[in-house]
Amino acid sequence: MDDQQNADSRGAGTEPLRTALQTELADTRWHRIEVVDATGSTNADLMARADEPGIVGTVRITTDQTAGRGRHARVWEAPRGTQVAISAVLPAGDAPDRLGWLSLATGTAAAHAIDRATGLSAVLKWPNDVLVDGKKVAGILAEYASAPGGGIVVVGIGINTEMSAEELPVPTATSLRIATGRAVDVAAVATEYLRALADQRWPDDIDAVAADYRDRCDTLGRRVRLALPGDKTIVGTAVDIDADGRIVVEDDHGHRTTAAAGDVTHLRTEN
């Protein structure tokens, strides 16, 4: 694809994507699929509508997100048409202790979807990154909101689709186009992801969710460095993901530290 063809594909309208998704996902829990030309944050859009009747089962998608949000209020943006942002609304249920597993289950769904749509082999970096060839291709953010009749969770993902090497935000990132060497079928990626997310077993079968996640988690068994609040750093081997979705790191003296995603400023692998 030359530069002009690439620009044309990035500027494609929303209607073909909306039509494809509505057709392919008609038999899933996603009863409302909103594809917008551009927005600041798909997660923020849905969080602002938490009180809206029937909001559960809504999906909001764009290929031009200008103020994407990550953990610890980090904000980023990507060149138009180079990333697909997808947010979906799920019921929080009556098990708040299981909320931490949702972003992990979402990562598993994303990894499976990338495999199926592109033929790549995606793995997970705890807590919320999806990797291809050892580099980040997607990030996840799950947010809770109270709502009439029970709380909701908006779970969002940004997947780097058509970014070139020059457009990557950091050297540790990649895109599906770079990894495959070809143009990306965004509709196929989004469809596979939303099907996998609809089928994930959170919160009803956390044991199965945990087993699926551990099987995909590339962090386990690696030497890691945890940066914690207060300039505290833990260095050791990631030995487990516990029953609450927290990482367990064992240092060189055999001491184990357990940390939740919200407690970790950064996690870096060292091997």
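Residues numbered from 1 in each chain as written. Predicted model: local features only at pLDDT ≥ 70, side-chain atom pairs only at ≥ 80, totals over all residues. Heavy atoms only, no water.

(A) Fine view of the overall build of the protein chain. Of the regular secondary structure elements, the protein chain holds seven helices and 14 strands. Against the globule reference of 18 Å for 271 residues, the protein chain gives a C-alpha radius of gyration of 18 Å, in line with a compact fold. In the structure as shown, the protein chain presents an accessible area of about 12300 Å², 47% of it carried by carbon and sulfur atoms. When the 28 basic and 40 acidic side-chain charges of the protein chain are each reduced to a single mean position, those positions are 3 Å apart. (Helix = DSSP H or I, 4+ residues; strand = E, 2+ residues; numbered from the N terminus. Rg over C-alpha atoms; globule rule 2.2 N^0.38 Å. Areas by Shrake-Rupley, 256 points an atom, 1.4 Å probe, with all protein chains shown as cover. Lys, Arg positive; Asp, Glu negative; His and termini not counted. Charge placed at Lys NZ, Arg CZ, Asp CG, Glu CD.)

(B) Representation of the domain arrangement of the protein chain within the structure. We note that the domain assignment places domain 1 (3-216) and domain 2 (222-266) within the protein chain. Once you take the C-alpha centre of each, domain 1 and domain 2 turn out to be 26 Å apart. On the side of domain 2, 15 residues touch domain 1, which itself brings 11 residues to the contact. Taking both partners together, domain 1 and domain 2 bury about 930 Å²; carbon and sulfur atoms supply 56% of that area. Our count for the contact surface shared by domain 1 and domain 2 stands at one salt bridge. Taking the shortest distance from any N to any O, the salt bridge between Asp240 and Arg214 comes out at 3.4 Å. Taken together, the connections running from domain 1 to domain 2 amount to four residue pairs in polar contact (both at pLDDT 80 or more). (Domains from an automatic or database assignment. Contact = heavy atoms within 4.5 Å. Buried area = accessible area lost by both parts, 1.4 Å probe. Salt bridge = Lys/Arg side-chain N within 4 Å of Asp/Glu carboxyl O. Polar contact = N/O pair within 3.5 Å; in protein donor to acceptor, adjacent residues only side chain to side chain.)

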